[in-house]
Amino acid sequence: MQPKIFLILGGYGNSGLALAILLLRFSDCRLVLAGRNLQRAEAAAAGLNAEFSGMRARGIRLDAADSAALKSAFTGMDMVISASSTTQYAGSVAAAALEAGSDYLDIQLSSEKKLASLNALRPQILNAGRCFITDGGFHPGLPAVMIRHAAQQFDRLNSANIGSLLKVNWADLHFSEATLREFAEEITREIANPRPAIYRDKRWRKASMFSATDYPRFDFGDPFGKRYCAPMFLEEMHSLPEMFPALQETAFYVSGFNRFVDGVVFPLLMAGVKIHPKGKFSTLGKLLVWGLRRFSKPPYINILKLEARGEAAGKPAYRELRISHEDGYLLTAAPVAACLLQYLEGAIRKPGLWLMAHLVEPGRLLEDLGRMGIAVQWKKGN
Ligand SMILES: NC(=O)c1ccc[n+]([C@@H]2O[C@H](COP(=O)([O-])OP(=O)(O)OC[C@H]3O[C@@H](n4cnc5c(N)ncnc54)[C@H](OP(=O)(O)O)[C@@H]3O)[C@@H](O)[C@H]2O)c1
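Throughout, a residue's number is its position along its own chain's written sequence, starting from 1. Totals for whole chains, interfaces and linings use all residues, but because this is a predicted model, local features are given only for residues with pLDDT of at least 70 and pairs of side-chain atoms are given and counted only at 80 or more. Working from all heavy atoms in the structure, the side-chain values ignore hydrogens and water.

A short note on the packing of helix α12 (residues 328-344) against helix α14 (residues 362-371)
To characterise two packed helices, one gives the angle between the axes of the helices and the distance between these axes. For helices, the axis comes from a line fit to the C-alpha atoms of the stretch in contact; other axes are also lines fit to C-alpha atoms, and the angle between any two N-to-C directions lies between 0 and 180 degrees. Numbering of helices and strands runs from the N terminus, with a helix taken as a DSSP run of H or I at least four residues long and a strand as a DSSP run of E at least two residues long. In the contact formed by α12 and α14, the axes pass within 9 Å of each other and the chain directions differ by 125°. By the angle class used here, α12 and α14 are oblique. Once α12 is placed against α14, the crossing between them reads as right-handed. Residues A334, P335, A338, C339, L341 and Q342 of α12 form the contact with α14, whose participating residues are R364, L365, D368, L369 and R371. For classification, angles of less than 35 degrees are called roughly parallel, those exceeding 145 degrees roughly antiparallel, those between 65 and 115 degrees roughly perpendicular, and all remaining angles oblique. It is the rotation of the near helix from the far one that decides the hand of a crossing: anticlockwise by less than a right angle makes it left-handed, clockwise makes it right-handed. What makes two residues a contact is simply this: any of their non-hydrogen atoms within 4.5 Å.

Here you go:
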């Protein structure tokens, strides 16, 4: 059989390039790396061809804002992988993939606008028999995989909460301007209009500033210790209570960034959003990025920690699952590469629009993360 061809939009960015390396290492697929800078796309492809045999990568210029160019670039691709900071064009990228007869996967944040534009295409995706996968990556991407896998170790799963710690060396990372803008806009939007992120007492609700239990502490181990975390909406969490009817409590939480960002920038953003709910706050967005770069300190690591409680063999049971790596981009790319290995084997290539975390076989995905160098650790208790 002919090797599959994947086009990675944002293929020379941090996440896109990490994904390209894993795909070339663990599969026989061929790649087209795309972005608005032809030189960078070609240089990245040349670097990959020097490292992996078979001249399997090439670079092209492509702007997600140009719908006509998208359709022509996507023609002949088995899958379009959107690893670019182009959430605002998610609808047109997905529509162009559909018109070109390609499957689709994206790794962008679980934003309301992206999910709405993909949901609007659901009937056409099904009619065309295409496999569209959204919310791929680490978060979104891994939390519901961790819970689905842990649930297999319980007769009844009563609670499943995940805390995440992101200690990123922002100062040394180089991003596209579009990425920084998208990141600041998403945080502002989430502060202005938070979505229900906590499941308790049989319903989803928003966090309350006045409830300490809505901001729990997770112990991330030495040297990080216990950190307060805030709930964050992820679409993949929402159908977990239907999948596991005994579940009484579930949520995904994120720790803060650093004292300046948490103690100065976020309160200013919250106050600004209260006074001008429709404001853009680009200056505060810049202050956020400056604060991340100026005040983030080592040691650097990215951790997801699941704390699950329930019953196993008639007794109370507790399981912890911790997934971590120092390189946040490897941690973003590895779940996507592991998902694509299942796709390439045909096991999950089904028509429809799917959340990555619900489509994959969780045990196999966690095994593949281990093979890709990610630490996956379990702890059992009562
Ligand atoms: N799910 C997860 O766990 C997870 C984790 C990390 C990041 N992400 C998401 O992944 C995306 C990429 O993040 P990153 O950190 O990898 O960013 P990055 O390093 O800045 O890379 C972004 C890439 O997108 C390209 N790009 C930007 N605008 C474009 C446009 N209009 N047309 C074509 N290409 C465009 C950039 O190239 P040019 O600017 O040269 O065009 C660059 O190659 C973001 O949306 C981010 O939120 C998800």
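Now, onward.
Description of the pairing of strand β1 (residues 5-9)
Type-normalised accessible area, obtained with a 1.4 Å probe on protein chains alone, sets the label of each residue: buried when under 20%, exposed when over 50%, and partly exposed for intermediate values. Burial within β1 is extensive, with 4 of its 5 residues counted as buried. Strands qualify as paired when DSSP identifies two bridges or more between them. As judged from the 5 bridges shared by β1 and strand β2 (residues 30-35), these two strands associate in the parallel manner. Each bridged residue has a counterpart across the sheet, and for F6 the counterpart in β2 is L31. In this region the chain leaves β1, passes through helix α1 (residues 14-26) and returns to the parallel neighbour β2; the handedness of that crossover is right-handed. Relative to strand β4 (residues 79-82), β1 runs parallel, the two sharing 4 bridges. Orient the strands so they point away from the viewer; a crossover is then right-handed if the path from the first strand over the helix to the second runs clockwise.

Focus: the site of the ligand
If you check the shell around the ligand, you find 31 residues, and the closest are Y12, R36, S176, T179 and E182. Polar contacts, as used here, are pairs of N or O atoms within 3.5 Å; protein pairs need one atom able to donate a hydrogen and one able to accept it. Residues neighboring in sequence count only if both atoms are side-chain atoms. With respect to the ligand, the side chain of N14 contributes an N or O atom lying 2.8 Å from an oxygen atom. Contacts to the ligand include S15, whose side-chain N or O atom sits 2.8 Å from an oxygen atom. Elements with a minimum of two residues in the shell around the ligand: α1, α8 (177-192) and α12. With 3 residues, α8 is the largest single contributor of residues to the shell around the ligand. Taken together, the residues of the shell around the ligand sort by class into 12 nonpolar, 16 polar and 3 charged. When residues of the shell around the ligand are assigned to domains, at least three map to each of domain 1 (5-134) and domain 2 (143-326). Here, proximity means that at least one heavy atom of the residue falls within 4 Å of the molecule or strand. The residue classification treats Ala, Val, Leu, Ile, Met, Phe, Trp, Tyr, Cys and Pro as nonpolar and Asp, Glu, Lys and Arg as charged. All others, Gly included, are polar. What marks off one domain from the next here is an automatic or database domain assignment.

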